[in-house]
Amino acid sequence: MSLLQRLQKILAARGICSRRKAEEMITAGRVSVNGAVANLGDSADPETDEIRLDGDLLPTASDYVYILLHKPRGFVTTASDEKGRPNVIQLVDVPQRVYPVGRLDMDSEGLLLLTNDGEFANKVMHPKAEVDKIYEVWVNGFTEGGLAILKQPMQIDGYTIRTPKIKVLGVKGDGAHLEITIHEGRNRQVRRMCSHAGMTVPRLRRIGEGSLRLGNLEKGKWRYLTLEEIRVLMK
């Protein structure tokens, strides 16, 4: 039974890139099916056809990897960077071509997932998954009034975020150590929330995502997710 799918869908599902980027790769002649250069609009059977990108076979399900990295500050969460800055892929030594699941800005640190399984990445990042993200946040300009603002829903990019969970872990002068749990993960969301409340963020570390915790994993180190951790996230 033939299970034909558009090539851009297959590339995205195998964790290579987005569908739009896959279309660009196909148009550039970088994709082949059974030895023939593919054209945009072509379909293939992902189970039986030999699909290659730049001459390399696409990963199969048995080649999928799921990685938890303790991202240090100073690394961008992209597979490559036009400015030549260090990227998180350089920290992970695996033969598979992996990419980050979501983002953690260059000045932030902590838990970051990487994989080559597009279906897994889409499920974790999809808003319906409601995967909570937990951050340790060090702020300056802390006030009780600012804390009250931080505990309320606010608009980010025209979108009203859900009420975050805020724990005050310590206060010294106008500095504070907070634990903030959010539900969306919009671009630089925690920093922008704090700015709206009159606070600056000299340091931010993600310590949890869904059921995962950073634990005592050292900065710059990584580990594979366990089968149970993958199963829970996929649910």
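The rules behind each value
- Residues numbered from 1 in each chain as written.
- Predicted model: local features only at pLDDT ≥ 70, side-chain atom pairs only at ≥ 80, totals over all residues.
- Heavy atoms only, no water.
- Axes fitted to C-alpha atoms, helices over the stretch in contact; angles between N-to-C directions.
- Helix = DSSP H or I, 4+ residues; strand = E, 2+ residues; numbered from the N terminus.
- Parallel < 35°, antiparallel > 145°, perpendicular 65-115°, else oblique.
- Contact = heavy atoms within 4.5 Å.
- Nonpolar A, V, L, I, M, F, W, Y, C, P; charged D, E, K, R; others polar.
- Buried < 20%, exposed > 50% of the residue type's maximum accessible area, 1.4 Å probe, protein only.
- Polar contact = N/O pair within 3.5 Å; in protein donor to acceptor, adjacent residues only side chain to side chain.

A. Up close: the packing of helix α3 (residues 118-125) against helix α6 (residues 227-234). α6 packs onto α3 with a crossing angle of 55 degrees between their chain directions and a minimal axis gap of 9 Å. Looking at the two axes, α3 sits oblique to α6. Along its contact with α3, which presents Glu119, Phe120, Lys123 and Val124, the element α6 presents Ile230, Leu233 and Met234. Of the residues belonging to the contact of α3 with α6, the class tally is five nonpolar, no polar and two charged.

B. Main features of the environment of Ile134. On the secondary structure map, Ile134 appears in strand β10 (residues 133-140). What makes Ile134 buried here is its relative accessible area of 11%. The sequence separation of Ile134 and Leu212 amounts to 78 residues, and the corresponding C-alpha distance is 9.9 Å. If sequence neighbours within four positions are ignored, Ile134 has contacts with Glu179, Ile180, Thr181, Arg205, Arg206, Ile207, Gly208 and Arg213.

C. Representation of unusual backbone geometry. At Asn34, a residue that is not glycine, the phi angle is positive and equals roughly 55 degrees. Asn34 sits in the partly exposed class, given a relative accessible area of 47%. With a phi close to 55 degrees, Asp54 is a non-glycine residue in the positive phi region. Mapped onto the fold, Asp54 is located in the loop between β5 (51-53) and β6 (56-57). Looking at Asp54, the relative accessible area reads 42%, which means it is partly exposed.

D. Spatial organisation of the side chain of Glu136. Residue position: Glu136 is located in strand β10. A relative accessible area of 12% means that Glu136 is categorised as buried. Within polar-contact distance, the side chain of Glu136 engages the side chain of His177 at 2.8 Å. One polar contact links Glu136 to Arg205, side chain to side chain, over a distance of 2.3 Å. Discounting chain neighbours no more than four positions away, the residues touching Glu136 are Leu169, His177, Leu178, Arg203, Leu204, Arg205 and Ile207.

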